[in-house]
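# Observations on the model geometry
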Amino acid sequence: MNCAVIQFAGSGGDGDCYHICKNILGQPVNTIFHKETFAAQDFDFIILPGGASHGDYLRPGALAARSKVIKSVIDAANAGKYILGIGNGFQILLEAGLLPGTMLINKDLKFYSDDVFVRVENNATPFTNLYKNGEVIRLTVACKYGNYYADKKTMEQLKTQNKIVLTYCDINGNAAEASNPLGSMENIAAIANQEGNILGLMPHPERCAEEILGNTDGIRMFQSILQYVEGGKIHDCSRRS
């Protein structure tokens, strides 16, 4: 599986994502600077990592979404390549129009950094096929603008098309205001596009991918993609397992 990690000015998670692809998954990986381009056929899996691209000026992801490399990311997405946006990478996908909705400031108007529990709502995606539906996993978030918002029509589409992939919950899998620290609508932590080859999530799976970190719940997200690519499976985000 040929991997690419997009590096923006201010990226903070690019090194971690590179490490996972190369040293944990054992796959070839390249770092692509935001001023560069690439051919869609060059990579199977493309990561837009977390951080504070361009200092979060204007709004998080707004400037990065207009970087030269985004045209290549869009071409790759249209070619069915797997695109993962983590944290700021999720914000960039929203700003680039590759996923619907937007991010508002967190409900308490403050930067939030802590572990969270999320429930797997759809394991029939390339990113979650090694999880079980309803499974509760622990990841970590670190953001000031992670409050997912979309209009009523978009929210209905996310629900009816089964594009809500992860939701914030408590340790028992129950949705509650206290378990949704960012204030996201419908407790949304991750969504996929209609075709199922793009996933955006605010929690950071790359920070929960090794025993040395005290949590390995995130590694299965990367292993899921590897399994899909190597197995040549056809993804279908609309069905449930």
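The sections below set out a description of the structure shown in this document. As the structure is a prediction and not an experimental result, all values here were calculated from the model. Numbering of residues starts from 1 in each chain and follows the order in which that chain's sequence is written. Local features in this predicted model are restricted to residues of pLDDT 70 or higher, and side-chain atom pairs are both shown and tallied only at a pLDDT of 80 or more, whereas totals for entire chains, interfaces and linings draw on every residue. Processing note: side-chain calculations cover all non-hydrogen atoms of the structure and skip hydrogens and water entirely.

## Notes on the overall build of the chain
Keep this limit in mind: Numbering goes from the N terminus for both helices and strands, where a helix is a DSSP run of H or I of at least four residues and a strand is a run of E of at least two. Note on method: radius of gyration uses C-alpha positions; expected globular size equals 2.2 Å times residues raised to 0.38. What makes two residues a contact is simply this: any of their non-hydrogen atoms within 4.5 Å. Here, Shrake-Rupley sampling with a 1.4 Å probe gives the accessible areas, and only protein chains in the shown set may cover a residue.
Across its full length, the chain holds five helices and eleven strands. Computed over its C-alpha atoms, the radius of gyration of the chain comes to 16 Å, within 12% of the 18 Å expected for a compact globule of 241 residues. Oriented by its inertia axes, the alpha-carbon framework of the chain measures out at about 45 × 40 × 40 Å. Pairs at least 24 apart in sequence give 77% of the contacts found in the chain among residues at least 6 apart. Accessible surface for the chain amounts to roughly 10100 Å². Of this, 47% is attributable to carbon and sulfur atoms.

## Overview of helix α2 (residues 69–78)
Helical geometry: 3.6 residues make up each α-helical turn, so side chains three or four residues apart lie on a common side. Selection criterion: Relative accessibility under 20% of the residue-type maximum defines a buried residue, over 50% an exposed one, and the middle range a partly exposed one, all with a 1.4 Å probe and only protein chains included. What the arc covers is the set of directions going from the helix axis to the C-beta atoms.
Within α2, burial applies to Val69, Ile70, Ser72, Val73, Ala76 and Ala77. Around the axis of α2, the buried residues are gathered within 155° of arc, so they sit on the same side. Those residues of α2 that are exposed and angled more than 90 degrees off the buried face are Lys71 and Asn78. Where α2 is buried, its residues meet β1 (3–7), β2 (29–33), β3 (45–48), β4 (82–86), α3 (88–95) and β11 (198–201). Downstream of α2 by a residue or two, glycine 80 has a phi angle that is positive, lying close to 85°.

## Considerations on the packing of aromatic side chains
Stated formally: Aromatic rings from Phe, Tyr and Trp, with only the six-membered ring used for Trp, were paired whenever their centres fell within 6.5 Å, and each pair was classed as stacked if the ring planes differed by under 30 degrees, edge-to-face if by over 60, and tilted otherwise.
In this structure the tally under the stated criterion is two aromatic pairs. With 5.5 Å between their ring centres and 80° between their planes, phenylalanine 38 and phenylalanine 43 make a pair best called edge-to-face.

## Description of the pattern of salt bridges
Any two side chains of opposite charge can pair, on the condition that their charged atoms come close. Note the cut-off: Any Lys or Arg side-chain nitrogen located within 4 Å of an Asp or Glu carboxyl oxygen qualifies as a salt bridge.
Following the criterion strictly, the structure yields seven salt bridges and no others. Residue lysine 71 pairs with aspartate 75 through a salt bridge whose shortest N-O separation is 2.9 Å. Of this pair, lysine 71 and aspartate 75 both sit in helix α2, four residues apart, which is roughly one turn of the helix.

## Observations concerning the environment of serine 11
Just so we agree on the cut-off: Think of a polar contact as two N or O atoms within 3.5 Å of one another; within protein, one of them needs to be a possible hydrogen donor and the other a possible acceptor, and neighboring residues in sequence only count if both atoms come from side chains.
Within the secondary structure, serine 11 is located in the loop between β1 and α1 (14–24). Expressed as a C-alpha distance, the spacing of serine 11 and isoleucine 105, which sit 94 residues apart in the sequence, is 19 Å. In contact with serine 11, other than residues within four places in its own chain, are Ile6, Pro49, Gly50 and Gly51. A distance of 2.8 Å separates the side chain of serine 11 from the backbone nitrogen of phenylalanine 8, its partner in a polar contact.

## Considerations on the pairing of β4
Which entries qualify depends on this criterion: In short, DSSP must find at least two bridges between two strands for them to pair. When the strands point away from the viewer and the path from the first strand over the helix to the second turns clockwise, the crossover is right-handed.
Most of β4 is tucked away, with five of its five residues classed as buried. Side chains Tyr82, Leu84 and Ile86 project from β4 onto one buried face, and the interleaved Ile83 and Gly85 project onto a second face that is buried too. Looking at chain direction, β3 and β4 are connected through four bridges and run parallel. Across the sheet, residue leucine 48 finds its bridge partner in β4, namely glycine 85. Traced from β3 through α2 to β4, the parallel crossover comes out right-handed. As judged from the four bridges shared by β4 and β11, these two strands associate in the parallel manner. Of the residues in β11, the one forming a bridge with glycine 85 is glycine 200.

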